[in-house]
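Observations on the three-dimensional arrangement
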Number of protein chains: 2
Amino acid sequence: MRRMIKALVFDAYGTLYDVHSVKEACDSLFPEKGEAISAEWRKKQLEYFFQRQMMGRYRPFDKVTRDALRYACKAEGAKLTKENEDMLMEAYLELELFEEVRDVLGKLSDKQRVVFSNGSENMIGPLVSGSRIADDIDMVISADEIKQYKPAAAAYAHALDRLGIERNEVLFMSSNSWDIMGAASFGFHTAWINRGREQPETLDIQPDRAYTDLNGILEWI
Amino acid sequence: MRRMIKALVFDAYGTLYDVHSVKEACDSLFPEKGEAISAEWRKKQLEYFFQRQMMGRYRPFDKVTRDALRYACKAEGAKLTKENEDMLMEAYLELELFEEVRDVLGKLSDKQRVVFSNGSENMIGPLVSGSRIADDIDMVISADEIKQYKPAAAAYAHALDRLGIERNEVLFMSSNSWDIMGAASFGFHTAWINRGREQPETLDIQPDRAYTDLNGILEWI
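Here's what I pulled together on the structure shown here.

Basis of the calculations
Residues numbered from 1 in each chain as written. Chains lettered and ligands numbered in written order. Predicted model: local features only at pLDDT ≥ 70, side-chain atom pairs only at ≥ 80, totals over all residues. Heavy atoms only, no water. Helix = DSSP H or I, 4+ residues; strand = E, 2+ residues; numbered from the N terminus. Expected span 1.5 Å × (residues − 1). Buried < 20%, exposed > 50% of the residue type's maximum accessible area, 1.4 Å probe, protein only. Contact = heavy atoms within 4.5 Å. Pairing = 2+ DSSP bridges. Axes fitted to C-alpha atoms, helices over the stretch in contact; angles between N-to-C directions. Parallel < 35°, antiparallel > 145°, perpendicular 65-115°, else oblique. Left-handed = near helix turned anticlockwise from the far one by under 90°. Nonpolar A, V, L, I, M, F, W, Y, C, P; charged D, E, K, R; others polar.

Turning to helix α3 (residues 61-75) of chain A, a few remarks are in order. Since there are 3.6 residues in each turn of an α-helix, residues three or four apart along the chain are aligned in direction. Residues and elements named next belong to chain A. Between its terminal C-alpha atoms α3 stretches 21 Å, which fits the 21 Å expected from 15 residues at 1.5 Å a residue. Taken together, the buried positions of α3 are occupied by Phe61, Asp62, Val64, Thr65, Asp67, Ala68, Leu69, Tyr71, Ala72 and Cys73. On the buried face of α3, the contacting elements are α2 (34-55), α4 (82-91) and α6 (121-129). Downstream of α3 by a residue or two, glycine 77 has a phi angle that is positive, lying close to 65 degrees.

Following this line, the structure appears as structure tokens:
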């Protein structure tokens, strides 16, 4: 397996970076509401880009994320000023890495290491370059480059195009089961980084492997 | 407004029919787990057809509903035999109407009254024809006829094609906000039947009207 794989492609939000690390920024503005706002924010963000992809009304991830933040704050009764909104959006550029990420990436330096995200360049760019793995990442691909969100097949096709290799030379990793399904459906090798220890989907598509964090990859490939 | 509208188009699941009326059938098989199974079942059903639409892996609604039921039972620790699975799937053909539906439809008999659902014909057909509004419904349209789920624009375009009228002659009603957004985005007049009294979406598309049940329609048109 290790020999066949040329590119290790990682989803960003929820996979390398903990989206719920915005909780503290939320808490600092809205005491005791941080956890609820953070959870609702992520939930709506996913809903909104899924809906937009289905409706054919693409809007970049930063805009969708902002729409979702407004919804979440309203839902939790938190009055959001323009200033606070900008501050929370900036917190999204400084998400924390999951604990093992840097170490695992360091051990895989013989492969091309790629981030492939739905995040628009103005979000995913600063996030990666400002984090401690900047030097471990060889390429950042945004679905925004073709304005089609994962898990649309077109998004994975775009990533493959950027990589310039065959689809069975890609190992794709994501904590988001919908992302893994999309990648597996497209024909990538897949490892579901099941950080939430969720139950496997009862679908006719399945990941090749499932691990609770990225360390599992080191054993496989 | 009343004069302009030629067809009153209703979503089925959650709008005319209460999807959570399967709760009792679930409870009869899995005591005290009915509510949780019913909630998870609907949640996964939505997730699965959204994902499939995005991935371009269409599967008919009965199959998706069955996949979701399996997930929900597993999640709630309810062991599902083939026999019980079939029994619960049949419960989906006998969902209860919301209280006001029959009365409201009766008062709108000067318009074409249409059901437009993601349900495949083998689900939506028996549901409508076996319910007390069978005589009030002039046409049933299934998104399965073109194998594209709402809220894809293609699904609303198909409904319009079947109706043979102009899009501004359609009033579309759904309790599902994603469905209302899809219909509004396509250019139908829309009324969000917000049965769950949910907060309005923070999106650049909005329904023309929002009511907590179908009675509101009688005041508007």
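Still to come is the rest of the account.
Now for the side chain of Asp67(A). With respect to the helices and strands, the residue Asp67(A) is situated in helix α3. Apart from the residues within four sequence positions on either side, Asp67(A) is in contact with Tyr48(A), Arg52(A), Arg59(A), Thr202(B) and Leu203(B).

Residue and element names in this part refer to chain B. Covered by surrounding structure in strand β1 (residues 7-10) are Ala7 and Val9 together with Leu8 and Phe10, the residues of both alternating faces. Summarising the sheet, β1 and strand β4 (residues 112-117) pair through four bridges and their orientation is parallel. In the sheet register, alanine 7 faces β4, and the bridge partner there is glutamine 112. Examined bridge by bridge, β1 and strand β6 (residues 170-174) share four bridges and lie parallel to one another. By the bridge assignment, phenylalanine 10 is partnered in β6 with methionine 173.

All names here are of chain B. It is at 9 Å that the axes of helix α7 (residues 153-163) and helix α8 (residues 177-186) come closest, and there the two elements cross at 65 degrees. Taken together, the axes of α7 and α8 lie roughly perpendicular to each other. When you trace α7 past α8, the crossing you get is right-handed. Residues Ala153, Tyr156, Ala157 and Leu160 of α7 form the contact with α8, whose own contacting residues are Trp178, Asp179, Gly182, Ala183 and Phe186. Of the residues contributing to the contact of α7 with α8, the split by class is seven nonpolar, one polar and one charged.

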